[in-house]
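Results of the structural survey
Okay, here's what each chain looks like letter by letter:
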Amino acid sequence: MNTNMKENNYSRRSFLRIVGWGSFFATLGISSVGFIRFLYPNVLFEKPSAFKAGTLDEFTIDRTSDYQVYENWKAEHSIWIVREKDRIYAVKARCTHLGCTPNYFADEMVFKCPCHGSQFHCNGENFAGPAPRPLDRCKIFVGFDGRIQVDKARIYSFKEFDNPGAYVKV
Ligand code: FES
């Protein structure tokens with residue numbers, strides 16, 4: 001065997017050794033990542049269902065009106081807060097027909113659904129279109145810090161509108 005062949009054999013062996021160890025460490029690395037990932041559960045981090053809406057005195061009502069609709073939380077939470085003379089409640093901005101998002105028309109004081117034309121009074125009561133029932137409401141209460149909180153996870157349908165939690169007395 002001449003010197004050239006010896007060198008070729010040596011470099012081929014070195015190359016195979018490097019590839020072998022490289023594969024070993026790559027496999028070890030991948031399985032370690034898989035094992036570490038296995039230690040953490042699959043958790044979906046969702047936005048909390050409750051939000052703070054402000055203090056009671058922020059929800060005023062005109063003496064001449066029966067209702068005042070606050071739209072501040074519609075974009076982020078799909079909720080209108082409605083003030084009546086003696087109560088405040090959170091109306092869910094979801095049409096009870098097929099779930100589209102209605103819009104509030106302050107000049108007419110009605111919610112109108114753009115999908116099939118359902119219309120609702122400020123208190124959520126349906127009066128036109130195919131919607132089968134009034135708009136739902138969400139849990140509303142005054143927290144320890146004196147601020148109004150709305151919890152969208154608890155829904156009240158129209159038969160429960162007088163239940164505790166469906167409104168805040170003012
Ligand atoms: Fe609102 Fe059909 S979804 S009227």
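What follows is about unusual backbone geometry. One non-glycine residue with positive phi stands out, namely Ser-78, at about 55 degrees. For Ser-78, the position within the fold is in the loop between helix H2 (74-77) and strand S3 (79-83). One non-glycine residue with positive phi stands out, namely Met-109, at about 55 degrees. Structurally, Met-109 is set in the loop between strand S5 (103-105) and strand S6 (110-112).

Structurally, Lys-74 can be placed in helix H2. With near-sequence residues (within four places) excluded, Lys-74 lies in contact with Ile-79, Trp-80, Ala-93, Thr-101, Pro-102 and Asn-103.

Turning our eyes to something else, we now look at the state of the cysteines. All told, the structure shown has 1 disulfide when counted by the stated rule. Across a sulfur-sulfur distance of 1.9 Å, Cys-100 and Cys-115 are joined as a disulfide pair. In this structure the cystine formed by Cys-100 and Cys-115 twists about its S-S bond by roughly -90 degrees; its chirality is therefore left-handed. Note that Cys-100 is positioned in the loop between strand S4 (87-92) and S5 and Cys-115 in the loop between S6 and strand S7 (119-121), a separation of 15 residues in sequence. Relative accessible area serves as the criterion here: at 38%, Cys-115 is assigned to the partly exposed category.

What counts and how
- Residues numbered from 1 in each chain as written.
- Predicted model: local features only at pLDDT ≥ 70, side-chain atom pairs only at ≥ 80, totals over all residues.
- Heavy atoms only, no water.
- Helix = DSSP H or I, 4+ residues; strand = E, 2+ residues; numbered from the N terminus.
- Contact = heavy atoms within 4.5 Å.
- Disulfide = S-S within 2.5 Å.
- Buried < 20%, exposed > 50% of the residue type's maximum accessible area, 1.4 Å probe, protein only.

Nothing here speaks to function; it is geometry throughout.
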